[in-house]
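Each chain is listed here by its residues.
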Amino acid sequence: MIIGGILGFMLVYWWVMVIGSLVGGVIVAILTLSAPKIVSKEPESLSSLRASMIISAISIILAGLGVFIGTAEILSYAFGLPLIADSIVMGAVILTALIIIFQWLFSPYLINLMYKAHPPKTQEEIDIQKSLENVAKKSNIKVPKLRIAEVNIPNAFSYGSPLTGNFVAVTRGIINIMPQDELEAVLGHEVGHLRHRDVTFILALSLIPLAVYYLGQILIWNGILGGGSSGERNQVSGNVLLLIVGIVLIAAGVLFRFLVAHFNRLREYYADANSAIVTRDPKKLQRALARLEVMYDSSARLRRQAKNNSTAQMLFIIAPLVEIQGGFFFSSDSPHTRIHIDDIDDVVEELKNKETDPREEIIATHPPTPKRLRFLDNLARKLEYLY
């Protein structure tokens, strides 16, 4: 009897999750097909970028509040008690906030452990430290701690928490393939993330899709276990309502993921702008991005790692919503060999004219390289003193 009940519960839960996945898949398909109309071109200026970020953040917050308030109203009808409904919604939000705060506070320790990160030791690493101090001073922030990550995947990222302070890490792979001036531009990008408090902003906005997802799970469990209204007929209708709302919330969580990813892409442009301003030469970052793009296009192993082996997805429980800020996640088939390109500026110009696929961009957390290169050109025209 007990085994039959457990099997019945598992079967109902499986079908509910299948339906939720199908609804989420339909949303993804619709957004992907509509991507050419939804995805905009690169920002024309720093002011337009800031306006887009503000509008995007406010839209996510207001939509999230609307979902939470609307869910509370529906639950008030299902349970017949507004207090219980409000408690369920607040419980989901508080649980999510605690998870995100825990991640924020302790993830730097995990990152340092998994990347085998250590302070600079060699003269080459000390020179990188000097470059970091230079861009941090120009960015008007406290110099973050430099860490050398002993992995061969060319990458750079910034992270930190109130417990550990701020870090900027560069991997052995990017040190091996990147000229010093381009590496300084990459450091300017990472310092930009710290200056703009991007980790804090992204984690805060990510509370909404994760809370919506957890709330959907709670309602599905309550619907299956019979947590609706009292009275046999009302209880059945209440349970069905809980299941439907739960499925809709899980699907809504998928939509919010796209919105947060869009906001994250805007923050990447913002970090690029910081690099261009503090180095006073956007071409340095353009060359760095182009060099990594060439590696990506020429390496089959790189493409596999970029798709399937992102360490950030292991570190963060809400990945891929939140990645280590500014991480490039590129590798090469010969990571110990410095890449020689006859004329990197020719590669930059070629990439600027390259068309991008909005269907790929809409699901990404970083803008495509050609659009980042064109944005840096737009920025340079608006800020002529960069040259």
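Just above sits the structure.
These numbers were taken from a predicted model, which means no experiment stands behind them.

Student: How would you sum up the packing of helix α5 (residues 123–138) against helix α7 (residues 180–195)? Please name residues and give values.
Tutor: Interaxial distance between α5 and α7 falls to 9 Å at its minimum, and their mutual angle equals 50 degrees. In terms of axis orientation, α5 runs oblique to α7. Relative to α7, the crossing made by α5 is right-handed. Between α5, through D127, I128, S131, L132, N134, V135 and A136, and α7, the contact on the second element is made entirely by Q180, L183, E184, L187, G188 and V191.

Student: A description of the sheet that holds strand β1 (residues 117–118) should follow, citing residues and the corresponding values.
Tutor: Taken in spatial order, the four strands line up as β1-β2-β4-β3 in an open sheet, and their pairing is mixed. The sheet is open, and its two borders are formed by β1 and β3 (156–161), each paired with just one other strand. Bridging between β1 and strand β2 (residues 145–149) involves two bridges; their strand directions are antiparallel. When the bridges of β2 are listed, H118 appears paired with I148. Sheet strands in contact with α5 are β1, β2 and β4 (165–171), and its direction is about 140 degrees off that of β2.

Student: Describe α7, listing the residues and the values that go with them.
Tutor: Here α7 spans 22 Å end to end across 16 residues, near enough to the 22 Å set by a 1.5 Å rise per residue. Backbone geometry just after α7 places R197 at a positive phi near 55 degrees.

Student: Before we move on, could you go through a nonpolar patch on the surface and cite the residues and values that matter?
Tutor: Taken together, the side chains of I54, I58, I61, L62, L65 and I69 define a hydrophobic patch exposed on the protein surface, amounting to about 570 Å² of accessible area. Tracing the chain through its elements places I69 in helix α3 (residues 46–79). Here I69 falls in the exposed class, since its relative accessible area comes to 53%.

Rules behind the numbers
- Residues numbered from 1 in each chain as written.
- Predicted model: local features only at pLDDT ≥ 70, side-chain atom pairs only at ≥ 80, totals over all residues.
- Heavy atoms only, no water.
- Axes fitted to C-alpha atoms, helices over the stretch in contact; angles between N-to-C directions.
- Helix = DSSP H or I, 4+ residues; strand = E, 2+ residues; numbered from the N terminus.
- Parallel < 35°, antiparallel > 145°, perpendicular 65-115°, else oblique.
- Left-handed = near helix turned anticlockwise from the far one by under 90°.
- Contact = heavy atoms within 4.5 Å.
- Pairing = 2+ DSSP bridges.
- Expected span 1.5 Å × (residues − 1).
- Patch = residues over 30% accessible without salt bridge, like charges linked within 9 Å, V, L, I, M, F, W, Y side chains within 5 Å.
- Areas by Shrake-Rupley, 256 points an atom, 1.4 Å probe, with all protein chains shown as cover.
- Salt bridge = Lys/Arg side-chain N within 4 Å of Asp/Glu carboxyl O.
- Buried < 20%, exposed > 50% of the residue type's maximum accessible area, 1.4 Å probe, protein only.

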